Amino acid sequence: MTRIAITPGTFDPITYGHIDIIKRAASLMDKVIVGVAESTPKNTLFTLEERTELAREATRGLANVEVESFDGLLVDFVRARGANTVIKGLRAITDFEYEFQMNALNSQLDYDMETAFIMSPPKYMYLSSSIVRELASLHGDVSDLVPPCVAEALSAKFQR
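It should be emphasised that the depicted structure is a prediction, and the values quoted were computed from it without experimental measurement.

### Side note on the overall build of the chain
From N to C terminus, the chain includes six helices and five strands. Across the chain, helices and strands are ordered from the amino to the carboxyl terminus as β-α-β-α-β-α-β-α-β-α-α. Against the 2.2 N^0.38 benchmark of 15 Å for 160 residues, the chain shows a C-alpha radius of gyration of 15 Å, consistent with a compact globule. For the chain, the spread of C-alpha atoms along the three principal axes comes to 50 × 30 × 30 Å.

Rendered as structure tokens:
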């Protein structure tokens, strides 16, 4: 049986913290699908197509990783892709509280869907897409936080 996991998120934009979790998930599973979520209460900087393409480019070297966008319920996306595991990264207690609530809701919708959590290493515990966007908007150097393709895309978005 092929072990397929979904790593969902908005990825606005994808960071080295996300990529760390994706790589570690890929070492545990036969196949990992990065699910780029369209439906979100967040106002995204990048379009769904841009976020999906940046995630593809950032994970291109990972043989058992695919990137797909999705809209709607995560449990429906998981089922449609033949997966039964969702892998999420955790940075801090605030992440845990939110993910704990999401896990409880998803369990109500599909009891057979498992959620696994991977802790971020200390060097990425502070890193978030919103921090990257803010730093880039102020023309700060984000090259240690995101892959080159993302740094270029952020620079283009925030040109003076």
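### Concerning the sheet that holds strand β5 (residues 114–119)
Here we have five strands laid out as an open sheet, ordered β3-β2-β1-β4-β5, and parallel in their pairing. The open sheet is flanked by β3 (65–70) and β5, the only strands paired with a single partner. Recorded for the sheet is a direction-independent mean angle of 30 degrees between the axes of neighbouring strands. Bridge count for strand β4 (residues 85–90) against β5 is six bridges, and the pairing is parallel. By the bridge assignment for β5, K88 is matched with F117. Contacting β4 and β5, helix α4 (residues 93–109) crosses the sheet at an angle of about 165 degrees to β4.

### As for the nonpolar core
If you look at the biggest cluster of nonpolar residues, it comprises 35 residues, and the most contacted ones within it are I14, V146 and L154. Residue assignment for this core shows that the elements contributing at least two residues are α1 (16–28), β2 (31–37), α2 (48–58), β3, α5 (129–137) and α6 (148–157). For I14, the residues in contact, after removing those within four places along its chain, are I19, I22, L54, A55, A58, T59, V146, P147 and V150. Counting residues in hydrophobic clusters, the runner-up holds twelve residues, among them A37, V75, A83 and V86.

### Here we look at the side chain of T15
Relative to the assigned elements, T15 resides in the loop between β1 (4–9) and α1. A distance of 3.1 Å separates the side chain of T15 from the backbone nitrogen of G17, its partner in a polar contact. With sequence-adjacent residues up to four places away left out, T15 is seen in contact with L127, S128, S129, V132, L145 and V146.

### Focus on unusual backbone geometry
Here the residue pair D12 and P13 is connected by a cis peptide bond, since its omega of 0 degrees sits within 30 degrees of zero. Along the chain, the position of P13 falls in the loop between β1 and α1. Not every positive phi belongs to a glycine, and F11 is a case in point at roughly 50 degrees. Summarising the element assignment, F11 is placed in the loop between β1 and α1. Owing to a relative accessible area of 5%, F11 belongs among the buried residues under this scheme.

Here is what the cut-offs are and how they apply
Residues numbered from 1 in each chain as written. Predicted model: local features only at pLDDT ≥ 70, side-chain atom pairs only at ≥ 80, totals over all residues. Heavy atoms only, no water. Helix = DSSP H or I, 4+ residues; strand = E, 2+ residues; numbered from the N terminus. Rg over C-alpha atoms; globule rule 2.2 N^0.38 Å. Pairing = 2+ DSSP bridges. Axes fitted to C-alpha atoms, helices over the stretch in contact; angles between N-to-C directions. Contact = heavy atoms within 4.5 Å. Core = buried A, V, L, I, M, F, W, Y, C linked by side-chain atoms within 4.5 Å. Buried < 20%, exposed > 50% of the residue type's maximum accessible area, 1.4 Å probe, protein only. Polar contact = N/O pair within 3.5 Å; in protein donor to acceptor, adjacent residues only side chain to side chain.

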